[in-house]
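Listed here are the chains, written in short residue letters.
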Amino acid sequence: MAKAKSGQNTVQQVEQLVRPVIEGMGLVLWDVRFEKEGPDWYLRVLIDPADGTNLDMNTCEAASRAIDPVIDAADPIDQGYFLEVGSPGLGRRLTRPEHFEKYLGQKIAARLIRPDEAGRREYAGILKAIENGAVTLEEESGTVQFELAAASFVKLCDDEDLF
């Protein structure tokens, strides 16, 4: 991840800049990602409506227009990038403590970076708890636990019934 000019990482600095704007619009800042794809960098600001309604393109456009000048004025990123504002969507990644708290009792899936002691890398089950960096799931075979730091991703399984 690139370093922003102040010594903070880019994501942290952009998050501090855009959070008040996003929240002032009645939205929730779900995540900020600064990702390289091929030769290009993308600054992705993921938002949700605070009232739980569906996010539409007009809201994404309004949020993009509101945060773009704030980011430009602070100029926290040295290289060129594309700004994208959108929804975390179905199968959204859970990355923050508040994400896990919101989805307690829901089905999630996780992939570990390396297999655990039993040789497993894939987990899926009902999210029961997250405490001290450990995620607890209830699978069909029983309760399992893994360290969040050992996971390459954890995501919500809210799209399984669609396909």
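Criteria and cut-off values
- Residues numbered from 1 in each chain as written.
- Predicted model: local features only at pLDDT ≥ 70, side-chain atom pairs only at ≥ 80, totals over all residues.
- Heavy atoms only, no water.
- 1 Å grid on protein atoms, 1.4 Å probe; cavity = no way out; pocket = protein on both sides within 12 Å on 5 of 7 lines; lining within 4 Å.
- Points joined across faces, edges and corners; volume = space filled by probe spheres on them.
- Nonpolar A, V, L, I, M, F, W, Y, C, P; charged D, E, K, R; others polar.
- Core = buried A, V, L, I, M, F, W, Y, C linked by side-chain atoms within 4.5 Å.
- Buried < 20%, exposed > 50% of the residue type's maximum accessible area, 1.4 Å probe, protein only.
- Helix = DSSP H or I, 4+ residues; strand = E, 2+ residues; numbered from the N terminus.
- Contact = heavy atoms within 4.5 Å.
- Salt bridge = Lys/Arg side-chain N within 4 Å of Asp/Glu carboxyl O.
- Phe/Tyr/Trp six-rings, centres within 6.5 Å; stacked < 30°, edge-to-face > 60°.
- Lys NZ or Arg CZ within 6 Å of the ring centre and 35° of its normal.
- Expected span 1.5 Å × (residues − 1).
- Bend = angle between axes of the 7 residues up to and from the residue.
- Polar contact = N/O pair within 3.5 Å; in protein donor to acceptor, adjacent residues only side chain to side chain.
- Pairing = 2+ DSSP bridges.
- Axes fitted to C-alpha atoms, helices over the stretch in contact; angles between N-to-C directions.

S.K.: Tell me about the layout of surface pockets, and please be specific about residues and values.
M.R.: To find leftover empty space, a probe the size of one water molecule is rolled over the atoms. Roughly 170 Å³ of volume is contained in the largest pocket. Grouping the amino acids of the lining of the largest pocket by side-chain chemistry returns 4 nonpolar, 4 polar and 3 charged.

S.K.: Just give me the short version of the nonpolar core, but keep the residues and values in it.
M.R.: Counting 17 residues, the largest nonpolar core has Leu94, Ile108, Tyr123, Val135, Leu137, Phe146 and Val154 as its most contacted members. Elements with a minimum of two residues in this core: strand 4 (107-112), strand 5 (122-131), strand 6 (134-139), strand 7 (142-147) and strand 8 (151-156). Sequence-distant contacts of Leu137, that is, excluding residues within four places in its chain, are made with Ile108, Tyr123, Ala124, Gly125, Ile126, Leu127, Lys128, Gly142, Thr143, Val144 and Phe146. One finds Val14, Val45, Ala63 and Val85 within the second-largest nonpolar core, a separate group that totals 16 residues.

S.K.: Describe the pattern of salt bridges, listing the residues and the values that go with them.
M.R.: One pass over the full model with this rule turns up 12 salt bridges. A salt bridge links Arg65 to Glu61; the shortest N-O distance between them is 2.9 Å. With Arg65 and Glu61 both in helix 2 (residues 57-74), this residue pair falls 4 residues apart, about one helical turn. Residue Arg65 is classed as exposed on the basis of its relative accessible area of 60%. One continuous salt-bridge network, built from bridges that share partners, spans Glu15, Arg19, Glu23, Asp31, Arg33 and Arg96.

S.K.: With reference to specific residues and values, describe the packing of aromatic side chains.
M.R.: If you walk through the whole model with that rule in mind, you get 5 aromatic pairs. Relative to Phe146, the ring of Tyr123 lies with its centre 5.2 Å away and its plane at 25 degrees, an arrangement referred to as stacked. Here Tyr123 is found in strand 5, whereas its partner Phe146 is found in strand 7, with 23 residues between them in sequence. Phe146 sits in the buried class, given a relative accessible area of 5%. One aromatic cluster in this structure is built from Phe34, Trp41 and Tyr81. Its guanidinium or amino end placed over the ring of Trp30, Arg92 lies 4.8 Å from that ring's centre, counting from NZ or CZ.

S.K.: Now, about helix 2: what can you tell me, with residues and values included?
M.R.: Relative to the 26 Å expected for 18 residues at 1.5 Å per residue, helix 2 spans 26 Å between its end C-alpha atoms, a close match to the ideal helical length. When the local axis directions of helix 2 are compared, the greatest deviation, roughly 25 degrees, occurs at Ile67, which is followed within four positions by the proline Pro69. Of the surrounding secondary structure, the elements contacted by the buried residues of helix 2 are helix 1 (10-24), strand 1 (27-37), strand 2 (40-49) and strand 3 (82-86). The N-cap residue of helix 2 is Asp56: its side-chain oxygen and the backbone nitrogen of Asn58 are 3.3 Å apart.

S.K.: Can you lay out the pairing of strand 4 for me, pointing to particular residues and giving the numbers?
M.R.: Sheet analysis places strand 4 next to strand 5, joined by 5 bridges and oriented antiparallel. The residue of strand 5 that forms the bridge with Arg111 is Glu122. Summarising the sheet, strand 4 and strand 8 pair through 5 bridges and their orientation is antiparallel. Note that in strand 8 the partner of Arg111 across the bridge is Phe153.

S.K.: Please provide a residue-by-residue account of the sheet that holds strand 8, values included.
M.R.: Strand order in this open sheet of 5 strands is 7-6-5-4-8, and the pairing throughout is antiparallel. Whereas interior strands pair on both sides, the edge strands pair on one side only; in this sheet they are strand 7 and strand 8. Ignoring strand direction, the axes of neighbouring strands in this sheet form an average angle of 40 degrees.

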